[in-house]
Structures are given as structure tokens and as C-alpha cells.
Amino acid sequence: MEFRVSNRLTGARQPTGSPENKIRPEKGASLGAQCRTDKLALSRQAVAILEERTRQEAQERARKQRDRMAGKEESASSPLDAAAKKLKVMRQCQKIAARIMAGDKVPPEDEKFLQESDPAGYQLAMAARKVKRDPKEWESALEKEEHQASGVSEGSGASAGEAETVSGDCGDEG
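On a predicted model such as this, the values are computed, not experimentally measured, just so you know. (Residues numbered from 1 in each chain as written. Predicted model: local features only at pLDDT ≥ 70, side-chain atom pairs only at ≥ 80, totals over all residues. Heavy atoms only, no water.)

Attention shifts here to the packing of helix 2 (residues 78-101) against helix 4 (residues 119-128). Look at helix 2 against helix 4: their axes get within 8 Å of each other, and the N-to-C directions meet at 20°. Between helix 2 and helix 4, the interaxial angle falls into the category roughly parallel. As helix 2 runs across helix 4, the sense of the crossing is right-handed. Residues Ala97, Ile100 and Met101 of helix 2 touch helix 4, and the partners they reach there are Ala125, Met126 and Ala128. A per-class count over the contact of helix 2 with helix 4 returns six nonpolar, no polar and no charged. (Axes fitted to C-alpha atoms, helices over the stretch in contact; angles between N-to-C directions. Helix = DSSP H or I, 4+ residues; strand = E, 2+ residues; numbered from the N terminus. Parallel < 35°, antiparallel > 145°, perpendicular 65-115°, else oblique. Left-handed = near helix turned anticlockwise from the far one by under 90°. Contact = heavy atoms within 4.5 Å. Nonpolar A, V, L, I, M, F, W, Y, C, P; charged D, E, K, R; others polar.)

Given below as C-alpha cells:
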């Protein structure tokens, strides 16, 4: 393949009568066995644009790699922390799903948390829930941090006095 840089701004073709465009078969070779080459002519402006784009892409790759390395250095135990957080979310989802399956009432934010965090677990809990004559009303299984992160205010739900009385008898019933 042949590359050539020209001063032309447009991609005008060579005249058909020029010697570069004529294919001369070798002696004794058939027309189908000829070796053809591809040619690409670029203007200096196009070459400058391509070089600039290549330089910008290289800078972007270097910046991303620096960011990744900085992230790895500042949190060496990041995979462990991520696994611990995921396990904590799974425990909360299991607790909420168990309450729903038992036929008890859970706060809407807990139900929404379960639906977003574990859609399959939510569907299973809703399908397997039992009907109780007198369902128990649970306080939120989520901690205050999750309430604030999900945009739910701390003041929603029961007052502080009610939370103490309900949390006193929140032991798992078997």
C-alpha cells in the first residue's frame, strides 16, 4: 500500500492518462494474476487533523490511566470494602423479603429499596407472601445513612418515642 501526502485540499483524482494509473501486466502473466496496490492521497490539512486527533486520544488514555492508578493507590482495600457493602445490602434485602413473605407490613421505603436492590427477591417475596389477620408493622430495616442517601427524610414514619417502643419488641418471631 502506498501513502502519499499532497498539497491539495480536495480529493481530486489523477488524470486517467497518467502513468501511475495504468496497470502494466508483467510479461507472461495473465490479467487476473496481476499484483495491484492500494493508494491513498491525503492533503497536508487532513494529515494535521489526524495527527492532532491521535495526540488528543493518547493524552486522554494517559489521563484515564493516571486516574485509575490514583484510585487504586488511595483505596487498597477497595474490593474488600465493596464486597462488605454488597453483603450488607444483601442482608437487608433478605430481612425485608422475609418480613414481606411473613405477611407483615414494611415501610414503603424498605419495599422500594428491595425492589431496586434485588428485583428478583422482591418478586419472589411478593409472590410468596402470606395473608395475616393481624399483620405486624415493622420499622425500617434500613439504617439512617441509606434513608439520607435515597432521599428519604429522617422525620418520615414514627416519632422517636414510637420507634423505641416498636424496636423493643422487634425480635424475630419464629
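Another aspect to go through is the confidence of the model for the protein. In the predicted model, the protein carries a mean pLDDT of 75, and the fraction of residues at 70 or more is 58%. In the model, residues 152-174 has pLDDT below 50 throughout and makes 15 contacts with residues more than four positions away in sequence or in other chains. (pLDDT = per-residue confidence, 0-100.)

To continue, consider helix 4. Looking at helix 4, one finds that the buried residues are Gly121, Tyr122 and Ala125. Along helix 4, the residues classed as buried sweep out an arc of 100° about the axis, all on the same side. Exposed residues pointing more than 90 degrees away from the buried face of helix 4 are listed as Ala120, Gln123, Leu124 and Ala127. In this structure, the buried side of helix 4 is in contact with helix 2 and helix 3 (108-117). (Buried < 20%, exposed > 50% of the residue type's maximum accessible area, 1.4 Å probe, protein only. Arc of directions from axis to C-beta.)

Let us look at the nonpolar core. By size, the foremost hydrophobic cluster in this structure holds 11 residues: Cys93, Ile96, Ala97, Ile100, Val106, Phe113, Leu114, Tyr122, Ala125, Ala141 and Leu142. The element that contributes the greatest number of residues to this core is helix 2, accounting for four residues. Those residues in contact with Ala141 that lie beyond four places of it in its chain are Gln92, Lys95, Ile96, Arg99 and Asp110. (Core = buried A, V, L, I, M, F, W, Y, C linked by side-chain atoms within 4.5 Å.)

The next subject is helix 2. Between its first and last C-alpha, helix 2 extends 34 Å over 24 residues, near the 34 Å set by a 1.5 Å rise per residue. When we look at burial in helix 2, the residues that qualify are Gln92, Cys93, Ile96, Ala97, Arg99 and Ile100. Positive backbone phi, approximately 90°, marks Gly103, located one or two places after helix 2. (Expected span 1.5 Å × (residues − 1).)

Here the focus is the packing of aromatic side chains. Counted under the stated rule, the structure contains zero aromatic pairs. The residue whose ring lies beneath Arg99 is Trp138, and the NZ or CZ to ring-centre distance is 3.9 Å. Sitting over the ring of Trp138, Lys136 keeps its end group 4.2 Å from the ring centre. (Phe/Tyr/Trp six-rings, centres within 6.5 Å; stacked < 30°, edge-to-face > 60°. Lys NZ or Arg CZ within 6 Å of the ring centre and 35° of its normal.)

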